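Next come the chains, spelled out residue by residue.
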Amino acid sequence: MKYFKFLVSLMLTAAVFYGLNTKIGPAPPIGKFLNPYTGIWQNEKDDAITGTIEIKGLKEKVTVHYDAQLIPHIFAQNDTDLYKAQGYITAKHRLWQMEFQTYAAAGRLSEIIGDAALDYDRQERRRGMGFGAEQAIIKMKEDPETAAYIKAYAEGVNNYINQLQPKDFPVEYKLLDYVPEPWTVKKTALLLMYMTKDLSGFDSDLENTNALRLFGKERFDLLFPDFFEVNDPVIPKETDWSHIDVPMTKTPESELPLDTITSTMDKPHPDNGSNNWAVSGRKSYSGNPILANDPHLGLNLPSIWFVMQLSTPEHNAFGATLPGALGVISGFNNHISWGETNATRDVLDWYKIEFKDDKRTHYKYGEAWKEVNIRVEEIKIKGKEPFKDSVRYTHHGPVAYDINFKGDNGRAGYAMKWIGHIGGNNQKTFLALNKAHNYEEYAAALTHYSAPAQNFVFASTQGDIALWIQGKFPNKWKGQGKFLMDGSNPENDWQSFIPQPFNAHTKNPERGFVSSANQHPVEQTYPYYVFNDGYETYRNRVINEFFRSKETFSIQDFKDLHNNNYNLKAAELIPYALENMDTNMLNAEEITVLEQLKNWNFYNDTEALGPSIWRNWWGKLYTMVWDEFSVEDVALDAPFTYQTIHMLKTMGEDPFMDIVATPETEHAKDLFLLSFKEAVKSLTEWKSENGEYNWRNYKSTSVGHLLQGLPAFSRTNLPIGGGRNIVNATSERHGPSWRMIVEMSSPPKALGIYPGGQSGNPGSKFYDDFIDVWAAGEYHSLHYLQNDTETDAVIATQTLTPN
């Protein structure tokens, strides 16, 4: 009997031990997670920011001062030590985030999450993210200086990783039950690809092909024009382009394949973009140029940005860095300041591939058959056998869609031609900007930059302001890349690129300011074909109008503009809609809401009711107008907002206004009434469940943890106004991810804030301490130290010494 009891006890003990140390479903292994010596309890305290740390391979001592916002100010004696220290310090505060983002870019999430991430991973592999990173490494290694600095950065990260004990791992590693792996040059390249996809991975070519087939060329051109009549481009309209002598590519005689495409891959957030602007000394309150930048990205914790100062005896840069990449991305030094907005050009096209036979080893090109290269993607899956996917590469790029992925034709596929696959040494641009002294060095730095295309704004202590639209742009024939193309016709290839000096730019324009907000880059007089799947049409007009409204501008003006909640889109439609809507058909409840809307001043402020009413009304109205685009098993994108409003106001009896499902023939005025009634009904239901529909409650902005579904690590229902198409572009989980204002005095004075905190540790007081300041529309003064002996703002110092 005693042996039986012993065996039962042993089995129970083994079962408990197994249960506590095994990850079951989404929960971490409970025993390991709650272990008092290595588990989550060890993550409650902040990292040390004092003392001396030995770093392998460091040449000389590096001083790291921290200020009250936990911003590190790194002072090194040479560039190699500087970037090694940047890697170490970034990893110290953001290790899990920087590594997780590279897992996502590489299509490796299944390794740590399980097969729930398999479709995502397959998609990223078929998008060629890893292939693109490898091409970028080739380009970066062509420049010995860049190669050396990226290697030093990786060594700095690995110095930190190698010092960690399991108890020190960031809490997310413990939640997901995995461990950090060595940082590599490829991980930096993957991080840059992560941004390239986010900012230049959006396209609608396949959806456009469906729309062309369904509605015809004339109707397509009406719905998706290349230019809008209100175009207020990035580069001033009056710019003279007569010096450009390289012609646009001639349009070939070819036919488009009008295939039916049932579904397409996930795309980046359509609101990924930004604002930036600069005023000259003539329009500045002090006579110094002033520059501002606010990139609009997903609102996540840890934040996408990490603010640092990077200094050597030769240069001294300050600003927002990307954890995983070198240098300051949006910032300033003692001579210049710079920032970026997305240039949103069409640099992703699709080609139909005709395979020779079912083996799919060759594809038609011209009068011959070309051989494909097969890249076998092995996707490791936590707890399961790996999944292997064979992706065929043509000279256009990877065949993302084929019989194995979103396709059913054994001899056909769609290949993706993308600027992200060409490779480039974009890192060199930022390293050079960090050191630049003037306009000439800024412009030279940009020549290395290929993707994602950006509008680089500039200001200097010498009094110059400028803006370059920089990227590697195919020199396309008119219309090239709007639709799926025949990949067997060589004339459909990208024939060349626009020479870099002919990229649109402006320096010290007569109007005294430069600005960009993801709108169309140029007027129609620019000699190259420019197209995108949706240029912004509202924020940019509010910004440009603001700078035309008076003679000079102060720092407070810049803050006010960053936080401007004016809803131009609503202001351009609501008065017309109310004038043309039959309000006699409204009931008492609807009239109450109508009066609330009439009392709205078109500002999306937190306590206003109008924005919530408008949001609901516009959503219902837009869906009613474009009900023709709701076709089962056909991928379609409805027309742009500006063109929709334009047609509602000027083509109210166009057949598109008719609701397909009803026997009556509706016009725009009917849609105004029907959609308003539906909006009131929807709002009333929302109010009964959630309370008053003021904008703060209704929009409910949150900054969520990168791992979705971790409310304890997130901030929700933040009191902030704004919204889509508004200068303060804050929506539910998206918006201004970094706000910076720099006055180019000597030395520069700067303000900055972002919705997060410097620490990646959810237990740290620095994890989310910027969020309330950001939501209130306020800023932190950035303490720009001129040398390592300046200690007024310093709260702690850490010294890195050679090992």
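As the structure is a prediction and not an experimental result, all values here were calculated from the model.

Draft legend 1. Fine view of unusual backbone geometry. Residue L301 is joined to P302 through a cis peptide bond whose omega torsion reads -10°. Inspection of the secondary structure assignment puts P302 in the loop between strand 6 (300–301) and strand 7 (306–311). Geometrically, the link from S746 to P747 is a cis peptide bond, its omega value of 0° lying close to zero. Phi angles above zero are rare outside glycine, and S700 is one such case at about 50°. For S700, the position within the fold is in the loop between helix 21 (695–699) and strand 23 (701–705). For N725, which is not glycine, the phi dihedral falls at a positive 65°. Along the chain, N725 turns up in the loop between strand 24 (715–718) and strand 25 (734–736).

Draft legend 2. Region of interest: the pattern of salt bridges. Scanning the model with the defined rule gives 41 salt bridges in all. The shortest N-O distance in the salt bridge between D402 and R126 comes to 3.4 Å. Placement of the pair is D402 in the loop between strand 16 (399–401) and strand 17 (412–418) and R126 in helix 5 (residues 118–126), with a sequence separation of 276 residues. The pair D402 / R126 is uniform in exposure class, with both members buried. Where R375 meets E377, a salt bridge forms, and the shortest distance between an N and an O atom there is 2.8 Å. Residue class for E377 comes out buried when judged on its relative accessible area of 8%. Through salt bridges with shared partners, one network takes in E99, R108, E111, E181 and K187.

Draft legend 3. Summary view of the sheet that holds strand 20 (residues 485–486). Overall, mixed pairing links the four strands, which are arranged 16-17-11-20 in an open sheet. Edge positions in the sheet fall to strand 16 and strand 20, since each has one partner strand and no second. One ladder, built from two bridges, connects strand 11 (residues 348–354) with strand 20; its direction is parallel. Note on strand 20: the bridge partner recorded for K352 is D486.

Draft legend 4. Local environment of empty space enclosed by the protein. Throughout the structure, instances matching the rule amount to seven cavities of 30 Å³ or more. Taken together, 20 residues form the lining of the largest cavity, with M195, L199, L322, I329 and Q454 sitting closest to its centre. At the level of elements, helix 9 (185–200), strand 4 (273–279), strand 5 (290–298), strand 10 (336–342) and helix 12 (426–435) are the ones that each hand at least two residues to the lining of the largest cavity. By residue number, the principal contributor to the lining of the largest cavity is helix 9, which donates four residues.

Draft legend 5. Main features of the pairing of strand 22 (residues 513–516). Taking every second residue as pointing to the same face, both faces of strand 22 are buried, with F513 and S515 on one and V514 and S516 on the other. With four bridges joining them, strand 4 and strand 22 adopt antiparallel strand pairing. Counterpart to A278 in the pairing with strand 22 is V514.

Draft legend 6. Here's a closer look at the packing of helix 16 (residues 568–580) against helix 18 (residues 610–625). One can describe the packing of helix 16 onto helix 18 by two numbers: an axis separation of 12 Å at closest approach and a directional angle of 75°. Considering the angle they form, helix 16 stands roughly perpendicular to helix 18. On the side of helix 16, the interface is formed by K569, A570, L573, I574, A577 and L578, while helix 18 contributes W614, W617, W618 and L621.

Draft legend 7. Region of interest: the packing of aromatic side chains. Tallied over the entire structure, the rule returns 47 aromatic pairs. Three or more aromatic residues joined by ring pairs form one cluster here, namely F220, F224, F228, F483, Y538, F640 and Y642. In this structure, K472 is placed above the aromatic ring of F497, and the distance from its NZ or CZ to the ring centre is 4.4 Å.

Conventions used here
Residues numbered from 1 in each chain as written. Predicted model: local features only at pLDDT ≥ 70, side-chain atom pairs only at ≥ 80, totals over all residues. Heavy atoms only, no water. Helix = DSSP H or I, 4+ residues; strand = E, 2+ residues; numbered from the N terminus. Salt bridge = Lys/Arg side-chain N within 4 Å of Asp/Glu carboxyl O. Buried < 20%, exposed > 50% of the residue type's maximum accessible area, 1.4 Å probe, protein only. Pairing = 2+ DSSP bridges. 1 Å grid on protein atoms, 1.4 Å probe; cavity = no way out; pocket = protein on both sides within 12 Å on 5 of 7 lines; lining within 4 Å. Points joined across faces, edges and corners; volume = space filled by probe spheres on them. Axes fitted to C-alpha atoms, helices over the stretch in contact; angles between N-to-C directions. Parallel < 35°, antiparallel > 145°, perpendicular 65-115°, else oblique. Contact = heavy atoms within 4.5 Å. Phe/Tyr/Trp six-rings, centres within 6.5 Å; stacked < 30°, edge-to-face > 60°. Lys NZ or Arg CZ within 6 Å of the ring centre and 35° of its normal.

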